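A closer look at the structure
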Amino acid sequence: MMNKKSFLSLCLLMGAAPALPVVAQTSPAETTRSAPSPAKAKNIILFLADAGGVPVIHAASLLGYGEPQKLRIQQWPHLGLSETSPVDEFVSDSANGMSSIVTGIKTRNGVISQGPNAARGRQDGRPTKTLLEYAEERGLLTGVITTQSIADATPAATYAHSNDRKTWGTIFPQAFTPRFGDGVDVLFGAGRAEVGEQLVAAGTSFDKISQSHKRPIYSTLDQVPANNARPVVVGDRMDVHAATLKALDILERSPKGYFLVVEWDAHTDDSREGLQNVVDFDKLIAEVERRVDLKDTLLVFTADHSFGLQVDGGRRGEPLLEGYDAWKAAPKEGAIVRLKNVLVNDSHTGEEVPALAIGPGAERVRGYFPNTYLFDVMMQAWGWVADTGTSK
Ligand SMILES: [Zn+2]
């Protein structure tokens, strides 16, 4: 058992020139010999690009940098292809897609973190325990951030259970009545008007929830007082960059670690907006990667489902989205958008999405796997075992 450092010391002691390889930092044999039990993660951040499939990630690099593979996430060392289908169809929506990732159990489209025995809009299924609930149960701090409505399917799948993703009036209040721990600690999203309307229709309101749980629901990040350790913001829009940095200021104080989910919409029905979202998300991820300690923090990037966008033309040095402005100005008809170099079929698609990871436990992300495997990756990174009867 000799690591590189002690080998160097020994060489110096013996007056010998160390004959270490110049390029390879660590030989495979050395890795095997010196590898202790796999490192555990204290913190996990799950970055979710909604509809950010392989073709969208590729096109975002072309739009942002004029070349393929220039995004930060495309430099991460561990990559797998995650299969997203629900139990009964080939193509996933956000509800099944995210529920599968955070509970390890595939379900049906439209269903929020309930088992496949749910019938959308008609019958509840068994609630399936989410990574956020496991983290809350074990005393970690938790956060959920999204560019979308705070009650939309992707964020909802982390903190709520419902047989119908559209029931925002009963989904959002579940953030305040958790099954484990004290519920989501930091909750930042959009959809103020729409969620507010549905709350009223369900017989409650932002004010009523705030008062009964003694927890203000602000409408902008700026309104949150510096001493609020469990802030909730539901705005008209959400600046996810500012929100993520603010959340980390709070979550990083947790002695037991944290679980943070950050969703950024990457639907490319509007190709420029969608691809620019991915470029901006990637810049945020790079910033977070520089900030955290990758020895104890696992970063995972994936998508809930893919999307029908393809780059099928174009040349280096010329704009990727030639014809976009004319398309934007024209009346919209049909689901197919034919730009010069890009074809958009405005639909979710069934092929696998990228899963990328860096940090402790990231090495398990490789090959083709069902999206439910990402639940296992994150649980194993923490060193946790799923409750009996809830695993697959
Ligand atoms: Zn989605």
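Definitions and limits used
Residue positions are counted from 1 within each chain, in the order its sequence is given. Local features in this predicted model are restricted to residues of pLDDT 70 or higher, and side-chain atom pairs are both shown and tallied only at a pLDDT of 80 or more, whereas totals for entire chains, interfaces and linings draw on every residue. The helix and strand labels rest on DSSP assignments: H or I over at least four residues marks a helix, E over at least two residues marks a strand, and numbering proceeds from the N terminus. Throughout, a residue-residue contact means that the two C-beta atoms, derived from backbone geometry, are no farther apart than 7 Å. What we call a nonpolar core is a set of buried Ala, Val, Leu, Ile, Met, Phe, Trp, Tyr and Cys residues whose membership is set by joining through C-beta atoms within 7 Å. Partly exposed residues are those whose C-beta has more than 12 but fewer than 20 other C-beta atoms within 10 Å; 20 or more makes a residue buried and 12 or fewer makes it exposed, with C-beta atoms placed from the backbone. As a per-residue measure, pLDDT reflects the predictor's confidence and takes values from 0 up to 100. At least two DSSP bridges between two strands are needed for those strands to be called paired. Only the stretch in contact is used when fitting a helix axis, every axis being a line fitted to C-alpha atoms; angles between N-to-C directions are given from 0 to 180 degrees. Angular relationships are summarised with four words: roughly parallel below 35 degrees, roughly antiparallel beyond 145, roughly perpendicular across 65 to 115, and oblique for the angles in between. For this classification, the nonpolar set comprises Ala, Val, Leu, Ile, Met, Phe, Trp, Tyr, Cys and Pro, the charged set comprises Asp, Glu, Lys and Arg, and every other residue, Gly included, is treated as polar.

Now for the overall build of the chain. Counting its regular elements, the chain contains 13 helices and 13 strands. Residue pairs in contact within the chain that sit at least 24 positions apart in sequence constitute 70% of those at least 6 positions apart.

Let's shift gears to the nonpolar core. The biggest cluster of nonpolar side chains holds 99 residues, and the ones touching the most others in it are F47, V56, V300 and A357. With sequence-adjacent residues up to four places away left out, V56 is seen in contact with A51, A266, T268, G274, L275, V278, F307 and L309.

Overall, the prediction assigns the chain a mean pLDDT of 92, with 89% of residues at 70 or greater. Low pLDDT, under 50, characterises residues 1–33; the stretch is placed with 10 contacts to residues that sit more than four places away or in other chains.

Within the open sheet, the three strands sit side by side as β9-β11-β10. Their pairing is antiparallel. Two strands close off the open sheet at either side, each with one partner strand: β9 (306–311) and β10 (336–338). If you compare each strand with its neighbour and ignore which way they point, the axes differ by 15° on average. Packing of helix α3 (residues 54–65) onto the sheet brings it into contact with β9 and β11 (342–349), and relative to β9 it is tilted by some 45°.

So, about unusual backbone geometry. Notably, Q69 is not glycine yet its phi reads approximately 60°, a positive angle. In this structure, Q69 sits in the loop between α3 and β2 (78–83). The backbone of S113 sits at a positive phi, close to 45°, despite the residue not being glycine. With respect to the element layout, S113 can be found in the loop between α4 (94–103) and α5 (131–137).

As a further point, take the packing of α3 against helix α11 (residues 271–291). Closest axis-to-axis distance for the α3/α11 pair is 8 Å, and the angle between their directions is 85°. One finds that α3 runs roughly perpendicular with respect to α11. Here V56, I57, A59, A60, L63 and G64 of α3 lie close against α11, whose contacting residues are G274, L275, Q276, V278 and V279. Of the residues that constitute the contact of α3 with α11, the class distribution is eight nonpolar, three polar and no charged.

This part is about the pairing of β2. Sheet analysis places β2 next to strand β12 (residues 353–358), joined by five bridges and oriented antiparallel. Paired with H78 across the strands is A357, a residue of β12. Relative to strand β13 (residues 367–370), β2 runs parallel, the two sharing four bridges. Bridging across to β13, E83 finds its partner in P370.

Summarising burial for strand β1 (residues 43–50): eight of the eight residues are buried, a large majority. Burial along β1 is two-sided: N43, I45, F47 and A49 and I44, L46, L48 and D50, pointing in opposite directions, are all buried. Two elements, β1 and strand β7 (residues 258–265), share seven bridges in a ladder whose sense is parallel. Residue pairing for β7: D50 is matched across the bridge by D265.

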